[in-house]
Amino acid sequence: MNILLNKQSCQKINACKEINSGDYILKKYPKDSPNEKLCQFFQEKKLLNEEVIKNNKYYLSRERALMFDKYGKDMFELNKNFEIKFLIPISFLDRHSLTPEAREKMVDWMVEVFSVNISEPGTLELAVHIMDAYIFNTEKTLKVSDIHLIGLASIYLASKMEEKVPMRLTHVVTNLGKNTFTKDEIIEMEKDIVKTIEFDFFTAGNYDYLMVFFYDLKVNNAHLLNKYDSNSIVDKYMNFCIFLSKLVLYNHEFVTYRTSLVSLAILSLGFDFLKENDLIKNTDLRHLFRDWIFYLMNEMKYDPDAVRYMYQRIYELYKFDIEEPQKALEESDGKNCDEITNLCKLYHEYML
């Protein structure tokens with residue numbers, strides 16, 4: 001894959017031409033577009049159509065759009081504060097009898113649970129974070145056999161924090177846990193998690209950053225995206241980046257990096273994927289995406305080498321899954337495996 005962040009392109013950040021800030025993120029509205037016109041534009045283009053949500057597509061709902069519209073800048077600043085607070089050392093599994101493979105299996109199962117229950121990707125990220133934060137902070141020495149109960153309680157907590165209609169405890173016990181654990185056992189583990197992490201549930205995940213980035217891309221570049229008739233390409237771009245954000249949950253090493261850095265690498269990798277597969281036909285649109293990513297890196301003051309390293313790390317770990325998802329899906333024969341079968345199914349549904 002032709003990497004966006006090669007040495008020559010990285011140099012463009014420091015020598016970047018002056019960009020019209022009205023065309024890019026971190027501005028509440030385009031300079032010449034009042035809020036009412038924006039709402040009318042989104043209604044006409046059906047970008048926020050509730051029917052799309054019913055079809056399990058990861059588009060922004062009208063409620064979330066209004067939330068970003070009013071609080072987008074504050075949410076972006078809050079994300080930057082949260083991501084520093086909740087960084088976890090890469091060695092957080094070492095003092096336990098837990099292996100990275102056991103954690104990976106649990107994350108894969110979580111992906112299946114939330115895909116079947118049609119939950120938001122942010123709920124999945126929060127559940128994984130709660131599990132990791134508990135493993136890191138608990139004074140107990142955990143065994144592999146403990147992770148199933150921890151994962152169930154983390155799913156239950158994340159559902160109550162993020163979903164409008166949270167999972168019922170009976171559903172968690174019967175359908176998810178297959179009656180392996182009782183209600184009392186899950187409630188006790190829930191109490192232990194809450195006490196251990198001291199009610200600090202919220203974090204700034206990759207999904208949180210990606211939603212802020214893409215909403216601002218759509219709003220502040222609405223006139224250009226409409227001109228290039230590129231809304232479907234933006235949606236594919238966003239869905240693929242969400243797919244990548246789920247991929248990085250599988251590897252425990254990413255808990256030690258700032259999610260804003262990982263998110264920028266995901267944006268770059270997603271752009272290169274679309275470009276290499278000739279999904280961006282319009283040259284001007286390709287330049288818009290490229291300049292937008294460079295602008296983000298410059299605005300967030302990241303060293304291009306750091307973003308490039310993260311880009312290459314994600315690509316090296318998941319090259320097979322990114323470039324040959326259909327092959328991975330066929331080889332798994334539709335069954336669960338220790339790798340990312342469930343994500344391959346999602347990828348096949350949303351991207352191909």
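Refer to the structure above for everything that follows.
Residues numbered from 1 in each chain as written. Predicted model: local features only at pLDDT ≥ 70, side-chain atom pairs only at ≥ 80, totals over all residues. Heavy atoms only, no water.

(A) Fine view of the overall build of the protein. A tally of regular secondary structure across the protein gives 17 helices and 0 strands. When burial is assessed residue by residue, the protein has 55% of its 352 residues classed as buried. Of the contacts formed within the protein by residues at least 6 apart in sequence, a portion of 80% connects residues at least 24 apart. For the protein, the exposed area adds up to about 16900 Å²; of that, 48% sits on carbon and sulfur atoms. (Helix = DSSP H or I, 4+ residues; strand = E, 2+ residues; numbered from the N terminus. Buried < 20%, exposed > 50% of the residue type's maximum accessible area, 1.4 Å probe, protein only. Contact = heavy atoms within 4.5 Å. Areas by Shrake-Rupley, 256 points an atom, 1.4 Å probe, with all protein chains shown as cover.)

(B) Just the pattern of salt bridges, in detail. Under the definition given, this model contains 12 salt bridges. Measuring nitrogen to oxygen at the nearest pair gives 2.8 Å for the salt bridge that ties aspartate 192 to lysine 140. Taken as a pair, aspartate 192 in helix H9 (residues 183-197) and lysine 140 in the loop between helix H6 (121-137) and helix H7 (147-162) lie far apart in primary sequence, 52 residues in all. For lysine 140, a relative accessible area of 44% gives the class partly exposed. Between glutamate 190 and lysine 160 there is a salt bridge, and its shortest N-O distance comes to 2.5 Å. (Salt bridge = Lys/Arg side-chain N within 4 Å of Asp/Glu carboxyl O.)

(C) Fine view of helix H12 (residues 231-247). Compared with an ideal rise of 1.5 Å per residue, which puts 17 residues at 24 Å, H12 spans 24 Å between its outermost C-alpha atoms and is within 8% of the ideal. In terms of residue burial, H12 counts as a mostly covered element, since 15 of its 17 residues are buried. (Expected span 1.5 Å × (residues − 1).)

(D) Looking closely at the packing of aromatic side chains. One pass over the full model with this rule turns up 8 aromatic pairs. Residues tyrosine 209 and phenylalanine 213 carry aromatic rings whose centres are separated by 5.8 Å and whose planes lie at 40° to one another, so their mutual orientation is tilted. Here the residue tyrosine 209 and the residue phenylalanine 213 both occupy positions in helix H10 (residues 206-220), the gap between them amounting to 4 residues, near one helical turn. For the pair formed by tyrosine 209 and phenylalanine 213, the shared burial category is buried. The interplanar angle of 15° and the centroid separation of 4.2 Å between the aromatic rings of phenylalanine 240 and phenylalanine 273 together place this pair among those described as stacked. Of this pair, phenylalanine 240 sits in helix H12 while phenylalanine 273 sits in helix H13 (residues 259-276); the two residues are 33 residues apart in sequence, bridging distant segments of the chain. Members of the aromatic cluster, each reached through a chain of ring pairs, are Phe214, Tyr237, Phe289 and Trp292. (Phe/Tyr/Trp six-rings, centres within 6.5 Å; stacked < 30°, edge-to-face > 60°.)

(E) The arrangement of the environment of arginine 286 in detail. Among the secondary structure elements, arginine 286 is positioned in helix H14 (residues 283-299). Taking the C-alpha atoms as reference points, arginine 286 and phenylalanine 271, separated by 15 residues in sequence, lie 8.5 Å from one another. For arginine 286, the contacting residues outside a window of four places in its chain are Phe271, Lys275, Asp278 and Ile280. Within polar-contact distance, the side chain of arginine 286 engages the backbone oxygen of isoleucine 280 at 3.0 Å. (Polar contact = N/O pair within 3.5 Å; in protein donor to acceptor, adjacent residues only side chain to side chain.)

By themselves, these observations are geometric and do not establish any function.
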